[in-house]
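# Descriptive analysis of the structure
One-letter residues, chain by chain:
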Amino acid sequence: MLRSLFSGISGLRSHQTMLDVTGNNIANVNTTGFKSSQIQFQDTLSQVLSNAGGAQNGQGGTNPAQVGLGVRVAGITTNFTQGASQLTGRSTDMMIQGDGFFAVRKGAETYYTRDGSFDFDATGQMVLPGDGALVQGWAAVNGVIDTTAPLTDLKVPAGTLMAAQATGTATFQGNLDSGAAPGTAITRSLTVYNATGEASTLNLTFTKGAATGDPWTLAGSLVAADGTTTATVTYNPAPAAPAVAGEVDFDPATGALTSPGTLTVGGIAVDLSTLTGFSGVDTVKGLTQDGHAAGTLQSFQLGQDGTITGAFSNGLKQVIGRLAMANFTNPAGLEKAGGSLFTTTVNSGTIQLGTPGSGGRGTLAGGSLEMSNVDLSSEFTNLIVAQRGFQANARVITTSDQVLQELVDLKR
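What counts as what
Residues numbered from 1 in each chain as written. Predicted model: local features only at pLDDT ≥ 70, side-chain atom pairs only at ≥ 80, totals over all residues. Heavy atoms only, no water. Phe/Tyr/Trp six-rings, centres within 6.5 Å; stacked < 30°, edge-to-face > 60°. Helix = DSSP H or I, 4+ residues; strand = E, 2+ residues; numbered from the N terminus. Buried < 20%, exposed > 50% of the residue type's maximum accessible area, 1.4 Å probe, protein only. Pairing = 2+ DSSP bridges. Axes fitted to C-alpha atoms, helices over the stretch in contact; angles between N-to-C directions. Core = buried A, V, L, I, M, F, W, Y, C linked by side-chain atoms within 4.5 Å. Contact = heavy atoms within 4.5 Å. Salt bridge = Lys/Arg side-chain N within 4 Å of Asp/Glu carboxyl O. Patch = residues over 30% accessible without salt bridge, like charges linked within 9 Å, V, L, I, M, F, W, Y side chains within 5 Å. Areas by Shrake-Rupley, 256 points an atom, 1.4 Å probe, with all protein chains shown as cover. Expected span 1.5 Å × (residues − 1). Parallel < 35°, antiparallel > 145°, perpendicular 65-115°, else oblique. Left-handed = near helix turned anticlockwise from the far one by under 90°. Nonpolar A, V, L, I, M, F, W, Y, C, P; charged D, E, K, R; others polar.

Applying the stated rule across the entire model yields seven aromatic pairs. Ring centres 5.9 Å apart and planes at 65° place the aromatic pair Phe101 and Phe342 in the edge-to-face group. Of this pair, Phe101 sits in strand E7 (residues 101-106) while Phe342 sits in strand E28 (residues 341-343), placing them 241 residues apart in sequence. For the pair shown, Phe101 and Phe342 are each scored as buried. With a centroid separation of 5.1 Å and an interplanar angle of 80°, the aromatic rings of Tyr112 and Phe328 are classed as edge-to-face.

Here we take up the sheet that holds strand E20 (residues 262-265). Strand order across the open sheet formed by four strands is E20-E21-E14-E22, with mixed pairing between neighbours. If you trace the sheet from one side to the other, it starts and ends with E20 and strand E22 (285-289), each paired once. When the angles between neighbouring strand axes are averaged without regard to direction, this sheet yields 25°. Two elements, E20 and strand E21 (residues 268-271), share four bridges in a ladder whose sense is antiparallel. Note that in E21 the partner of Thr262 across the bridge is Asp271.

With that settled, the discussion passes to the nonpolar core. Among the nonpolar cores identified, the biggest contains 25 residues, and Phe206, Val270 and Leu272 are the most heavily contacted of them. Elements represented by at least two residues in this core include exactly strand E14 (169-173), strand E15 (185-193), strand E16 (199-208), strand E17 (216-224), E20 and E21. Residues contacting Leu272, with those up to four places away along its chain left out, are Phe172, Leu204, Leu218, Tyr235, Leu257, Gly261 and Leu263. Counting residues in each nonpolar core, the second largest holds 22 residues, with Ile96, Phe102, Met126 and Val135 among its members.

This brings us to the pattern of salt bridges. The full count for this structure, using the stated rule, is eight salt bridges. One salt bridge connects Arg322 with Asp305, and the closest N-O pair in it is separated by 3.5 Å. Of this pair, Arg322 sits in strand E25 (residues 317-323) while Asp305 sits in the loop between strand E23 (295-302) and strand E24 (307-312), and the two are 17 residues apart along the sequence. Arg322 gets classed as buried once you look at its relative accessible area, which sits at 18%. Residue classification places Asp305 among the partly exposed positions, given a relative accessible area of 31%. Taken together, the shared-partner salt bridges connect Lys35, Arg114 and Glu370 into one network.

The next point concerns the pairing of E17. Note: E16 against E17, nine bridges, orientation antiparallel. Looking across to E17, one finds that Thr205 is bridged to Ala219. With two bridges connecting them, E17 and strand E19 (residues 247-248) associate as antiparallel partners. Pairing of Thr217 across the sheet is with Glu247, part of E19. Here E17 runs beside strand E18 (residues 229-234); their pairing, made up of five bridges, is antiparallel. Each bridged residue has a counterpart across the sheet, and for Ala219 the counterpart in E18 is Thr234. From the end of E17 to the start of E18, which pair antiparallel, there are four residues, and Gly227 there has a positive phi angle of about 90°.

Before going further, it helps to spend a moment on the pairing of E25. Relative to E25, strand E11 (residues 134-139) is paired through three bridges, and the arrangement is antiparallel. From the neighbouring strand, Ala139 faces E25, where its bridge partner is Gly321. By the bridge criterion, five bridges tie E24 to E25 in an arrangement that is antiparallel. The partner of Thr307 across the bridge, within E25, is Arg322.

Attention shifts here to a nonpolar patch on the surface. There is a patch of nonpolar side chains on the surface, built from Val403, Leu407 and Leu410 and spanning about 300 Å² of accessible area. Classification of Val403 as partly exposed rests on a relative accessible area of 39%.

Turning to helix H2 (residues 376-409), a few remarks are in order. An ideal rise of 1.5 Å per residue puts 50 Å on 34 residues; H2 measures up with 49 Å between its terminal C-alpha atoms. Of all the positions in H2, only Glu379, Ala386, Gly389, Asn393, Ser400 and Leu404 are classed as buried.

A word on the packing of helix H1 (residues 3-27) against H2. Between H1 and H2, the least distance of the axes is 8 Å, while the angle of their chain directions is 160°. Taken together, H1 and H2 sit at an angle that is classed as roughly antiparallel. Of the two possible hands of crossing, H1 and H2 adopt the one that is left-handed. A breakdown of the residues in the contact of H1 with H2 according to their chemical character gives 16 nonpolar, 13 polar and one charged.

Structural measurements only, silent on function.
Here is the structure:
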C-alpha cells in the first residue's frame, strides 16, 4: 500500500486532536482561572531509501534519501500566563496576581487551582462552590499563625469566640501643668478587664500641692463595675528625702519625668514614663491597655497576604487563619484533574508551600477573580489552521486512493 495513505491518516488524527484542544479552549473562554492548552506536532520515523555517501575516487558525496511516514502529537502544553482581572465585589473572591496556586483538599487528595471563587458551607468551612473542595491553610491559635505547621481545612464558623484577656499593662501619657493652682485635683480613667472579661475602671488621681510651687502627687485605684474599690495604691510610697510619698517629680530643665516611670494597681503595671511637666498645658489621659472582654465573630475580611481577619462583638479584630499558596518548579508539568483543578506529577517538581507574596509567589487581590487566559482571536486562527490541515490530509488519502484505483484498472 502507498505510504501516503498512512501519512494522511496520521495527519487526520493529529489535526483532529488539534481541533479537540482548540475546541476545549474556546469552550472554557469564560471559565474562572482556566489555563488554555497548546498543541505541538513532530514528524514520525522516516524511511531511508538510500544512505548518504562520502566523496571518494573523484566522485562527490550523496545525501540520504528518506520518505517521512507522517506526523504525531509531540505534546500538549498548558499556558500559565496571567488571565485578566474580573471585579466581583465579593469578599470571598480572591485573585492571584503572579505565580502560585491555591491548595484545596478533596477526600485524601490535595489539588491546586487558580480559581479563587471561594464560599462557605453551613459549618463555616471555606470551599470551592463547584465540588466542595476544602481550601487549605493555617488556622490561628489566639490570633497567632504558625506557617510551619501542617495545612488544615480553613474554617470561619459563625459564633467563633474570642476569649477574654485580663489587663496586664496600661499606659498613661500627656503633660501635667506645673503651674496649676495649689490643691488642684484631676482624675484620669481607663477601662480595664479581669480574666473573665469583667470591666473595671482604673483611676489615676493627680493632686497639686497645697502651696505654690509644690509638686503633684499621685494615687491609683481600681473600681469594679458595682462601684466597689478593689485596690488603692500610692505612687512612689517611699521616695528619697526630702520628697514626700506619692510625689511626681520632673526635671525643671527638660520637663521629663525623674521619679519612677511605673505604678502597679491591682496587678496592672501602669506605664507613666512619657509623662511631662511643662507649664500651662494639661493633657494627661489614659492611652492603651492590653485586656479585653470576650466577643463573638460578627464578620471577616480577606487580606492581600491571605490572612482572614475576624471582627468581633467586643469591637476588636483578630486573625482567624491564613490561606496557603503553592508553587512548583515546573507548573507546566501539572496534570489537569477537572473542575479547574491540577494535580502533581513526577515532572511538576517539588511543591513549595508558603504564604502569598513570599518566595516568588504572587499576591492576592480581594473582590476579584482571574478570568480565562484563552485568546479567542488566536483560537479561531488555530481552528482555521486545524480545519485546513485536516482537509489537506483527507485530500492526500483520496488522491492516494485514486492512484490505487488506476493500478487496479490496469488489469481490465
